[in-house]
Amino acid sequence: MKICIIGSGYVGLVTAACFAEMGNTVTCVDVNEKVIERLRNGEVHFYEPGLSGMVKHSHDEGRLIFTTRLADGMDGCEAAFICVGTPSDEDGSADLQYVEAVAREIGQTMTGELIVVDKSTVPVGTSERVRAIVQAELDRRGLKIPFDVVSNPEFLKEGAAIHDFMKPDRVVIGTSNERSASIMRELYGPFARSRDKLIVMGVQSAEMTKYAANCMLATKISFINEIATLCELVGADVREVRAGIGSDTRIGYQFIYPGVGFGGSCFPKDVRALIRTASEAGLDAPLLNAVETVNKRQKVHMAHIIQNYFAPQGGVKGKTLAMWGLAFKANTDDMREAASLDIIRELTDKGMKIVAYDPVARENGRRILKDNDLVTIVNDQYEACQGAQALCVVTEWNQFRNPDFERVKGLLTAPLLFDGRNLYDPDSMARRGYAYFCIGRKGPEPAEA
């Protein structure tokens, strides 16, 4: 099948690479000439495990083409996937200007019968807006070309996107057109050989499914984080509580890991967008508002634990904190709405110095934090600890799970560790001689100055 993917960001490039891997001819279009040139040279402009090799392989074999001209992708195209960003607007709603611009250009350049696929995360009703825009452009051209608009939301996890696309839990298709459903079933067939994974539903339901899925997962994260904070206050241990509730099959263990809160390009934006959708529909949505409120609090919670510890010693001003992890989660260089930024902002505003390390997000961190003179980003995790008063773990990279604790202890001015991901066993850390603070468990008493 000949496919056009508009947008070479995270969703677009993964989609293009995976479809090309299955033998389709894919043209990936982006307005950024520098990005397209890098992709033509085999360079992927963001970190995602396994993606670079897949892109290079299909590009070298001629199945994956990169261009800045949408007209090139429309030539003989059977399905055009809109994969551009929908960032939060000032009021929390999804900004659809890029989706609408693409729809407009599709209408201006399409030459034959076409399925337009909304893969961007968009509010309910967007497919109808896209349909109207495409039709308006065809009317201006005086052409009667049949087309359909289908909703096909993505459910990719950063750091595991290739696996999620190649072996999906489900593929949601929003359409009432039997021909469109048949073509989408054919396109996704190679990814669903063990069982039928396609779920065909109404367009509005498909658009809502994406938001409902992400907001459900965000709700589980905020719930366990609120329970964790309560555990700290009443003397319970959230690890034990998690084991107690996760063993109930109605609840399960997934997405009830206490930590520093959720970030990234999806959950925060999608929660805000669904709150806005609810408001426009006349619904207050107190649960969704609470999910956002709890997450905002959780993202600075570890900073407050650190401040409380150093309060008897004159506060954090002038002290240095080593930080392991900048990305919002492991296996990505994405720092959008990362908790590390909230922790850094909270502590440097009080005069604390931060020396940070991340395996792949260092360059993004240097770019984002270049104007903060109290932040230094280094190239080695142990270098970050040299002369620091404490270490704070923010991202759950595998290389942080079993470090050389004796080496860390020798580099810090005191054996003090703040664990925002609950990577370590409290009893084991105590035996190693550390003052250890984690999420959801009361830590040792602060040392006096």
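As the structure is a prediction and not an experimental result, all values here were calculated from the model.

Caption draft 1: The packing of helix α9 (residues 203-234) against helix α12 (residues 286-298), seen in detail. α12 packs onto α9 with a crossing angle of 55° between their chain directions and a minimal axis gap of 9 Å. Overall, the two elements α9 and α12 adopt an arrangement that is oblique. Here α9 runs over α12; the crossing is left-handed. Counted together, Cys215, Ala218, Thr219, Ser222, Asn225, Glu226 and Thr229 of α9 and Leu288, Val291, Val294, Asn295, Arg297 and Gln298 of α12 form the full contact between these two elements. Of the residues in the contact of α9 with α12, the class split is 5 nonpolar, 6 polar and 2 charged.

Caption draft 2: Local environment of empty space enclosed by the protein. According to the stated counting rule, one finds 1 cavity of 30 Å³ or more in the structure shown. What the largest cavity holds in volume is close to 50 Å³. Asp118, Ser120, Thr121, Val122, Ser151, Pro153, Ala206, Glu207 and Lys210 are the residues that line the largest cavity. If one sorts the elements of the lining of the largest cavity by residue count, α9 sits on top with 3 residues. By residue class, the composition of the lining of the largest cavity is 3 nonpolar, 3 polar and 3 charged.

Caption draft 3: Fine view of the packing of aromatic side chains. Under the counting rule described, the total for this entry stands at 20 aromatic pairs. Ring centres of tyrosine 309 and phenylalanine 310 lie 5.2 Å apart, and the angle between their planes is 85°; on these two criteria the pair is classed as edge-to-face. The residues tyrosine 309 and phenylalanine 310 share a single accessibility class, namely buried. Between tyrosine 357 and phenylalanine 400 the ring centres are 6.2 Å apart and the planes differ by 70°, which places this aromatic pair in the edge-to-face class. Of the two residues, tyrosine 357 sits in strand β10 (residues 353-357) while phenylalanine 400 sits in the loop between β12 (390-393) and α16 (405-411), which places them 43 residues apart along the sequence. An aromatic cluster is present here, built from Phe19, Phe81, Phe165, Tyr188 and Phe191 joined pairwise through their rings. A cation sits over an aromatic face here: arginine 170 above phenylalanine 155, 3.7 Å from the ring centre. In this structure, arginine 407 packs its charged tip against the face of tyrosine 382, placed 4.1 Å from the ring centre.

Caption draft 4: Examining the pairing of strand β9 (residues 320-324) more closely. With 5 of 5 residues buried, β9 is to be regarded as a mostly interior element. Both faces of β9 are covered, namely the face carrying Thr320, Ala322 and Trp324 and the face carrying Leu321 and Met323. When β9 meets β10, the two strands line up parallel, connected through 5 bridges. Within β10, the residue paired with threonine 320 across the bridge is lysine 353. The parallel pair β9 and β10, bridged by helix α14 (residues 339-348), forms a crossover whose chirality is right-handed. The pairing of β9 with β12 spans 4 bridges and is parallel. Along β12, the bridge assignment pairs tryptophan 324 with valine 393.

Caption draft 5: Structural context of the environment of glutamate 137. Within the element layout of this structure, glutamate 137 appears in helix α6 (residues 126-141). Taking C-alpha positions, glutamate 137 is 9.0 Å from alanine 103, a pair spaced 34 residues apart along the chain. With residues near it in sequence (within four places) discarded, glutamate 137 still touches Arg104, Gly107 and Gln108. Only 2.7 Å separates the side chain of glutamate 137 from the side chain of arginine 140, close enough to count as a polar contact.

Caption draft 6: Summary view of a nonpolar patch on the surface. A surface patch of nonpolar side chains, amounting to about 340 Å² of accessible area, comprises Leu230, Leu233 and Val234. Along the polypeptide, leucine 233 turns up in helix α9. Since its relative accessible area comes to 70%, leucine 233 is described here as exposed.

Caption draft 7: Representation of the nonpolar core. Membership of the largest hydrophobic core comes to 41 residues, with the highest contact counts inside it found for Ile5, Phe19, Leu51, Phe81 and Tyr188. When residues in this core are grouped by element, the largest group, 9 residues, is from helix α1 (residues 10-21). Contacts of phenylalanine 81, omitting those with residues within four sequence positions, involve Ile3, Cys4, Ile5, Ile6, Phe19, Val117, Lys119, Asn152, Met184, Leu187 and Tyr188. Judged by nonpolar contacts, the second largest core, of 40 residues, contains Met110, Ala218, Ile221 and Ile275.

Caption draft 8: Representation of the environment of glycine 263 within the structure. For glycine 263, the location among the structural elements is in the loop between α10 (238-246) and α11 (267-280). For glycine 263 and serine 340, which are 77 residues apart along the polypeptide, the C-alpha to C-alpha distance reads 9.6 Å.

Caption draft 9: Layout of the pairing of strand β5 (residues 114-118). Counting buried positions along β5 gives 5 out of 5 residues, so the element sits mostly inside the fold. Here β5 shows a buried face lined by Leu114, Val116 and Asp118 and a second buried face lined by Ile115 and Val117. The pairing of strand β4 (residues 79-82) with β5 spans 4 bridges and is classified as parallel. By the bridge assignment, alanine 79 is partnered in β5 with isoleucine 115. Remark: the β4/helix α5 (residues 97-109)/β5 crossover connection has right-handed handedness. Bridge count for β5 against strand β6 (residues 147-151) is 5 bridges, and the pairing is parallel. Residue pairing in the sheet places leucine 114 in a bridge with phenylalanine 147 of β6. Crossover β5 to β6 through α6 is right-handed.

Thresholds, definitions, all that
- Residues numbered from 1 in each chain as written.
- Predicted model: local features only at pLDDT ≥ 70, side-chain atom pairs only at ≥ 80, totals over all residues.
- Heavy atoms only, no water.
- Axes fitted to C-alpha atoms, helices over the stretch in contact; angles between N-to-C directions.
- Helix = DSSP H or I, 4+ residues; strand = E, 2+ residues; numbered from the N terminus.
- Parallel < 35°, antiparallel > 145°, perpendicular 65-115°, else oblique.
- Left-handed = near helix turned anticlockwise from the far one by under 90°.
- Contact = heavy atoms within 4.5 Å.
- Nonpolar A, V, L, I, M, F, W, Y, C, P; charged D, E, K, R; others polar.
- 1 Å grid on protein atoms, 1.4 Å probe; cavity = no way out; pocket = protein on both sides within 12 Å on 5 of 7 lines; lining within 4 Å.
- Points joined across faces, edges and corners; volume = space filled by probe spheres on them.
- Phe/Tyr/Trp six-rings, centres within 6.5 Å; stacked < 30°, edge-to-face > 60°.
- Buried < 20%, exposed > 50% of the residue type's maximum accessible area, 1.4 Å probe, protein only.
- Lys NZ or Arg CZ within 6 Å of the ring centre and 35° of its normal.
- Pairing = 2+ DSSP bridges.
- Right-handed = clockwise from strand over helix to strand, strands pointing away.
- Polar contact = N/O pair within 3.5 Å; in protein donor to acceptor, adjacent residues only side chain to side chain.
- Patch = residues over 30% accessible without salt bridge, like charges linked within 9 Å, V, L, I, M, F, W, Y side chains within 5 Å.
- Areas by Shrake-Rupley, 256 points an atom, 1.4 Å probe, with all protein chains shown as cover.
- Salt bridge = Lys/Arg side-chain N within 4 Å of Asp/Glu carboxyl O.
- Core = buried A, V, L, I, M, F, W, Y, C linked by side-chain atoms within 4.5 Å.

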